[in-house]
Amino acid sequence: MSYITSLYAQDVPHRAVTVYRYLKDRANQEGTCYPSIGTIAKDLNLSRRTVQRAIADLEKTGRLVKEQRWRENGGRSSLLFTVK
């Protein structure tokens, strides 16, 4: 079963499938990537809030792990996404 078919079988909203495909396409061999929410929104022509909801949907299904990355000075860096 393809990953898209299995996402639809889990009744995942279309916005989440779109964001999942985007992240999967940009992930390296380990399944990680780190585009910003703004970049995802711009590339997919979605609002930032829609992208945030899609990421939350994917986290609930276990298809995506989101991790905040930090700079050495303690400031926030980009989010690290692991696509499963």
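Everything below is about the structure printed above this text.
The rules we used
- Residues numbered from 1 in each chain as written.
- Predicted model: local features only at pLDDT ≥ 70, side-chain atom pairs only at ≥ 80, totals over all residues.
- Heavy atoms only, no water.
- Helix = DSSP H or I, 4+ residues; strand = E, 2+ residues; numbered from the N terminus.
- Rg over C-alpha atoms; globule rule 2.2 N^0.38 Å.
- Salt bridge = Lys/Arg side-chain N within 4 Å of Asp/Glu carboxyl O.
- Buried < 20%, exposed > 50% of the residue type's maximum accessible area, 1.4 Å probe, protein only.
- Contact = heavy atoms within 4.5 Å.
- Pairing = 2+ DSSP bridges.

With respect to the overall build of the protein chain
The secondary structure content of the protein chain amounts to four helices and three strands. Listed N to C, the secondary structure of the protein chain is α-α-β-α-α-β-β in terms of helices and strands. Whereas a compact globule of 84 residues would reach a radius of gyration of roughly 12 Å, the protein chain reaches 13 Å, a difference of no more than 12%. The dimensions of the protein chain, computed from C-alpha atoms along their principal axes, are 45 × 25 × 20 Å.

Topic: the pattern of salt bridges
For the coordinates displayed, the defined rule picks out two salt bridges. Asp-57 is paired through a salt bridge with Arg-15; the nearest N and O atoms lie 3.0 Å apart. Here the residue Asp-57 occupies a position in helix 4 (residues 48–61), and Arg-15 occupies one in helix 2 (residues 14–26), the gap between them amounting to 42 residues. Residue Asp-57 is classed as buried on the basis of its relative accessible area, which comes to 14%. Here Asp-25 ties to Arg-26 by a salt bridge, and the two come within 3.1 Å at their closest N and O atoms. Note on Asp-25: relative accessible area 59%, which makes it exposed. We classify Arg-26 as partly exposed; its relative accessible area is 42%.

Examining the side chain of Arg-63
Structurally, Arg-63 can be placed in the loop between helix 4 and strand 2 (64–70). With residues near it in sequence (within four places) discarded, Arg-63 still touches Tyr-3, Ser-6, Leu-7, Gln-10, Tyr-20, Leu-58, Thr-82, Val-83 and Lys-84.

Quick look at the pairing of strand 2
Inspection of the sheet shows strand 2 paired to strand 3 (residues 76–83) by six bridges, in the antiparallel sense. Within the sheet, the bridge partner assigned to Gln-68 lies in strand 3 and is Leu-79.

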